Amino acid sequence: MAKDGADRPQDESRRRFLKYTGTAVGGLVVGGVVGGLIGSQAKNAKEEPAPSPSGSAPAASNERDYNQALMFFNQEQFQTAEAAAERIFPTDDLGPGAKDLGAAFFIDHQMAGMYGTNARDYMTPPFQTAEAYQGYQLAFKRQELMALGLDALDEYSQDKHQSAFVKLSEDLQDEVLSAFEANEVELKGIPAATFFTMLRNLTIEGVYADPLYGGNKNMTGWKMKSYPGNQMSYYDAIEKDGLVKYEPQSLHDHLTS
Amino acid sequence: MATNMPKATVAIVGMGWVGGVIAAELTKAGHDVVGFERGKSRSTADYYHVHDELRYANRYELMQDLSKETVTYRNNEKITALPMRTYGSFLLGNGLGGAGVHWNGQYFRFLPYDFQIKSKTVERYGAGKIPEGMTIQDWGITYDELEPYFVKFEQMAGISGDPTTVDHVGKMSQPFPIGPMKQSPAVKLFRDAAAKAGFQAYTMPSANLADNYTNPDGIERAACQYCGYCERFGCEYGAKADPCVTVLPVALNTGKLEIRTFSNVTKIVHDGKKASGVQYIHVPTGEEYFQPADVVILASYVFSNTRLLLLSDLGKKYDPDSGTGVIGKNYCYQVLGAGTTAYFDDKEFSTFMGAGALGATVDEFNGDNFDHSELGFLHGASISLTQTGLRPIANNPTPSGTPSWGKDFKATSIKYANRSLSVGAQGSSLPFRHHYLDLDPTYKDAHGLPLIRMTFDFEDQDKNLVKHLAAQTKKIADQMGATKTETRDAMTTYNITPYQSTHNTGGVLMGDDPATSAVNNYLQMWDADNVFVCGASAFAHNSGYNPTATVGALAYRTAEGVGKYLAKGGSLV
Ligand SMILES: Cc1cc2nc3c(=O)[nH]c(=O)nc-3n(C[C@H](O)[C@H](O)[C@H](O)COP(=O)(O)OP(=O)(O)OC[C@H]3O[C@@H](n4cnc5c(N)ncnc54)[C@H](O)[C@@H]3O)c2cc1C
Ligand code: SF4
């Protein structure tokens, strides 16, 4: 497998960027980021050959992550979400699961923000019964559906197995989640399958979104998938055979002061 | 009461590709233009942190805010249309540049057959070939008439492509201004496989610059970096042709374009024969204004174009029962059900790299390039393999039978993330009498005005097309040396939830007869000669290609028409 780029400093791709955008500077239009990048490039150039910020990041486990706190869930909901997310994307030989990747913090943070409150969705009544192919038609906001759904996971577990969801064995947790997925659960008007799909999708997002959102801790989700995060350019690599490997970069690495 | 603004020569509603091209051409010719855009302003400076899949691809940062306005949808007239509350099937543009900011840049001129679909179909197969209820019609323009305008768009945008064309597409009077994109191993594999299957594959023409380029307006732009964050994202390099880095700066540079952002046009004011201007709401304050103008141009995409005419009671509303009237007629989409995925156990690809229009295409089964005598459908599809850059939240390919979560899902999706390729068919969408747009009786936008309502479903035409095209995708994919392939060939009811394509067409058709079309071949309204309605709303059907090449060519033709109209007045045909 080609290992091109793994040790290529970030500046290389920026230099290519500049080489190309630099030619545009004289034109009528200048790409707006050019100025900013030229500035940052100048700075980076002075520091050369210092490694990229991601490369030099301290082992994060030694550091307290003040972002790991709750914006929306109560403690129980958080634990339930964390346990459920871990079943959706479990730890295995390939690497950590949703729990260690921080996916439950991701979900909590998303629920507290505009996604959780459906800020950019059409939420005007009347809400009517829909055909499946007409999409989401609930009056619930996502954060309401999430909270009710997590509580329901517990209720259902108590009912069926006389235990909280987090205390169940992995097999039983899977059984409970499967019942939700198949919409086999009566939930006082809450569609169990819709809740499950939302939880499933949020978990995947929490595993693979840029770490800036609280999940994908240390880009480990990306590393498992050989995903390089965001690189400035693949101009020199696009024609190469096989899987070209890179040290991943997050948007944090793009921050320049 | 609306405040009156000083009169403008031309008012354009919508500052996407269509509005941008027309604004540039008219201002270069010396006309004063006011451009209305309901969304915000934008520039490449906004894209420094654009490589964010969650924000742009999953949360639709650049698209229309549905809380303010959406569309309602039903499969047929018997059921109640409900609002598209969250994004799914298509993603509407908003803000400066419109959808031209977050498109892929896959560039295809429609086929000569498309513009004369009805007469050519009847000529070859007889009138009986057109099924009951299908309302295909000629466009009132031929490929040859439109050809020079394609060239204009290509020179302006800097389209990259092969120096010669394959046999199955329209002739080009000038080659693309830039050579083809680089070829990735996946694209090469597809081309070789297509050749083995007996087809002529060509490099997908691309609006992502294959090389640095200076266009005829003096705009310099940098080459594409194959960054893999193209569709749904803005390009931080300005390499992707986008109105904000091409036509809009040229128009602004003349000093003759005034862009009013956050200005939502709600009505065309008219007396039944001529428009006197447009009414709009300044969104942040809610204040209403009236903008008088000699010419009004709607460039606000299929849905707004149709909706504004219906809200303004301009043009004859389409009636699906009698098939008469024109505004709202022949809504079409894109038929994307056919495809084959190839899974490779012993081969890896860097599919995270890519560009919006990196790929190769086969056209043997598009348009009328093959014999339909024994087939239960008309037209066809382009077949392509694209490498647009796969991102990790969305890229979880798993063979059928794999669960969508849990241990097996994790292992399988990670295994195939860099070991699967897909050959897909982009099918044409032909019109039916009961597929149309009108105003919703119940749901309203943030200003209290009715939403547009879509009545649409897939028909036997589409299902048969998908079956036939799926088999062709399999023929090619089977030559790629994969461990296994899986073909999708079943098409069911149209579903608004999964993303399919933002290639909506129709509603304000062009043609040569006022009884069956709303605008002539300059996109000038038959019923009001100082109103031009531009964009894919003019398409009488949608081809087996992405629409913007044809949208762009028509915009250049409209600009020429508006110039003539300003000089002489009256109908241009
Ligand atoms: C994700 C995606 C990928 C695509 N990829 C391709 C591709 O590869 N190839 C291709 O050919 N096409 C592609 N398309 C389609 C392409 O983007 C469109 O065909 C093209 O951008 C349409 O341009 P337009 O100017 O007609 O409309 P738009 O770009 O939609 O512009 C219309 C503008 O009008 C504004 N507007 C609407 N109503 C009002 C109002 N009442 N008042 C004021 N302003 C208003 C909107 O805010 C918008 O900015 C893609 C689209 C999407 C969404
Ligand atoms: S793939 Fe190319 S054109 Fe698209 S955003 Fe990246 S650099 Fe721009």
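Quick notes on the rules
- Residues numbered from 1 in each chain as written.
- Chains lettered and ligands numbered in written order.
- Predicted model: local features only at pLDDT ≥ 70, side-chain atom pairs only at ≥ 80, totals over all residues.
- Heavy atoms only, no water.
- Near = heavy atom within 4 Å.
- 1 Å grid on protein atoms, 1.4 Å probe; cavity = no way out; pocket = protein on both sides within 12 Å on 5 of 7 lines; lining within 4 Å.
- Sits in = over half its atoms within 2 Å of the grid points.
- Helix = DSSP H or I, 4+ residues; strand = E, 2+ residues; numbered from the N terminus.
- Buried < 20%, exposed > 50% of the residue type's maximum accessible area, 1.4 Å probe, protein only.
- Lys, Arg positive; Asp, Glu negative; His and termini not counted.
- Salt bridge = Lys/Arg side-chain N within 4 Å of Asp/Glu carboxyl O.
- Polar contact = N/O pair within 3.5 Å; in protein donor to acceptor, adjacent residues only side chain to side chain.
- Areas by Shrake-Rupley, 256 points an atom, 1.4 Å probe, with all protein chains shown as cover.
- UniProt positions renumbered as here; feature names shortened; annotations may be inferred.
- Contact = heavy atoms within 4.5 Å.
- Buried area = accessible area lost by both parts, 1.4 Å probe.
- Pairing = 2+ DSSP bridges.
- Axes fitted to C-alpha atoms, helices over the stretch in contact; angles between N-to-C directions.
- Expected span 1.5 Å × (residues − 1).
- Core = buried A, V, L, I, M, F, W, Y, C linked by side-chain atoms within 4.5 Å.
- pLDDT = per-residue confidence, 0-100.

**Side note on the site of ligand 2**
Around ligand 2 sit Asn208, Cys224, Gln225, Tyr226, Cys227, Tyr229, Cys230, Cys235, Tyr237, Lys240, Gly354 and Ala355 of chain B, and that is every residue in its neighbourhood. More than half of the atoms belonging to ligand 2 lie within 2 Å of the grid points that define the second largest cavity.

**Focus on the side chain of glutamate 236 of chain B**
Residue and element names in this part refer to chain B. Examined against the element boundaries, glutamate 236 turns out to sit in the loop between strand 8 (220-221) and helix 7 (247-253). Summary of buried charges: glutamate 236 has no salt-bridge partner, and the nearest side chain of opposite charge, lysine 240, is 8.5 Å away. A polar contact of 2.8 Å, which involves the side chain of glutamate 236, links it to the side chain of histidine 51.

**Here we look at the site of ligand 1**
All names here are of chain B. Taken together, 35 residues lie around ligand 1, and Glu37, Ala99, Gln106, Ser304 and Thr548 are the ones closest in. Note that an oxygen atom of ligand 1 is positioned 3.1 Å from one of the backbone N or O atoms of tryptophan 17. Glutamine 106 places a polar main-chain atom, nitrogen or oxygen, 2.8 Å from a nitrogen atom of ligand 1. Notes on ligand 1: free accessible area 990 Å², of which the protein chains cover 99%. Listing elements by their share of the shell around ligand 1, those giving two or more residues are helix 1 (17-28), strand 10 (263-270) and helix 8 (301-312).

**Brief notes about the UniProt feature "domain: Glucose-methanol-choline oxidoreductase N-terminal" (unreviewed entry) in chain B**
Mapped onto this numbering, the UniProt entry annotates "domain: Glucose-methanol-choline oxidoreductase N-terminal" (unreviewed entry) at residues 142-332 of chain B. Taken as a whole, residues 142-332 of chain B contains 24% helix and 23% strand, while its terminal C-alpha atoms sit 20 Å from one another.

**Focus: the environment of isoleucine 107 of chain A**
Residues and elements named next belong to chain A. Tracing the backbone through its elements, the reader meets isoleucine 107 in helix 5 (residues 103-112). Given the relative accessible area of 0%, isoleucine 107 is considered buried. Separated by 142 residues in the primary sequence, isoleucine 107 and glutamine 249 have C-alpha atoms spaced 22 Å apart. Not counting the four nearest positions on each side in its chain, isoleucine 107 is found in contact with Phe73, Met146, Leu199, Leu202 and Thr203.

**Brief notes about helix 5 of chain A**
Of all 10 residues in helix 5 of chain A, nine are buried; the element is thus mostly enclosed. Within helix 5 of chain A, the full set of buried residues consists of Ala103, Ala104, Phe105, Phe106, Ile107, Asp108, His109, Gln110 and Met111 of chain A. Close packing links the buried residues of helix 5 of chain A with helix 3 (75-88), helix 4 (98-101), helix 6 (142-161) and helix 8 (192-208) of chain A together with helix 2 (53-58) of chain B.

**Focus on the UniProt feature "domain: Glucose-methanol-choline oxidoreductase C-terminal" (unreviewed entry) in chain B**
The UniProt record annotates "domain: Glucose-methanol-choline oxidoreductase C-terminal" (unreviewed entry) at residues 437-555 of chain B. Here residues 437-555 of chain B is 22% helix and 21% strand, with 22 Å between the C-alpha atoms at its ends.

**As for the interface of chain B and chain A**
Counting from both sides, the interface comprises 86 residues of chain B and, opposite them, 90 residues of chain A. Note on chain B versus chain A: buried area summed over both sides is about 7100 Å², and carbon and sulfur give 58% of it. Taken as a group, Tyr48, Arg85 and Trp405 of chain B account for 13% of the area that chain B buries against chain A, more than any other trio of residues on that side. Viewed at the interface, chain A and chain B are joined by three salt bridges. A salt bridge links lysine 182 of chain B to glutamate 239 of chain A, with the nearest nitrogen and oxygen atoms 3.7 Å apart. At the boundary of chain B and chain A, one finds 40 residue pairs in polar contact (both at pLDDT 80 or more). Within the residue set of the side of chain B that touches chain A, elements represented by two or more residues are helix 2, strand 4 (71-74), strand 5 (82-83), helix 7, helix 9 (407-416) and strand 18 (436-444) of chain B. Looking at which element gives the most residues to the side of chain B that touches chain A, the answer is helix 9 of chain B, with six residues.

**Some points on the sheet that holds strand 19 (residues 450-455) of chain B**
Residue and element names in this part refer to chain B. The strand order across the open sheet formed by four strands is 5-4-19-18, and the pairing between neighbours is mixed. Strands at the two margins of the open sheet, each flanked by one partner only, are strand 5 and strand 18. As judged from the two bridges shared by strand 4 and strand 5, these two strands associate in the antiparallel manner. Each residue of the ladder has a partner; that of threonine 72, found in strand 5, is proline 83.

**Things to note about the sheet that holds strand 15 (residues 359-362) of chain B**
Pairing between the strands of a sheet comes from backbone hydrogen bonds, and it takes one of two forms, parallel or antiparallel. Residues and elements named next belong to chain B. Here six strands make up an open sheet; going across it, the order is 6-15-16-17-14-20 and the pairing antiparallel. At either margin of the open sheet sits one strand with a lone partner, and together these are strand 6 (201-203) and strand 20 (484-488). Between one strand axis and the next, the sheet turns through 20° on average, direction left out of account. The pairing of strand 16 (residues 381-386) with strand 17 (residues 420-427) spans four bridges and is classified as antiparallel. Within strand 17, the residue paired with serine 384 across the bridge is glycine 424.

**Observations concerning helix 8 of chain B**
All names here are of chain B. Counted at 1.5 Å a residue, the expected span for helix 8 with its 12 residues is 16 Å, and the 16 Å between its end C-alpha atoms agrees. Across the 12 residues of helix 8, 10 count as buried, placing the element largely inside the fold. When we look at burial in helix 8, the residues that qualify are Val302, Phe303, Ser304, Asn305, Thr306, Arg307, Leu308, Leu309, Leu310 and Ser312.

**Some thoughts on the nonpolar core**
Ranked by internal contacts, the top residues of the largest apolar core, which has 237 residues, are Met146 and Phe180 of chain A together with Phe90, Ile297, Met454 and Met480 of chain B. In this view, phenylalanine 90 of chain B contacts Val71, Met84, Phe303, Tyr333, Met454, Tyr494, Ile496, Tyr499, Ser501, Thr502 and Asn504 of chain B; residues no more than four positions away in its chain are not counted.

**A few points about the confidence of the model for chain B**
When pLDDT is averaged along chain B, the result is 97, and 100% of the positions lie at 70 or above. The complex prediction reports pTM at 0.94, with the ipTM value standing at 0.96.

**A few points about the confidence of the model for chain A**
In low-pLDDT segments, the atomic positions of the prediction should not be examined closely. With 75% of its residues at a pLDDT of at least 70, chain A reaches an overall mean of 81. This model gives residues 1-60 of chain A a pLDDT under 50, and the stretch forms 102 contacts once residues within four places in sequence are excluded.

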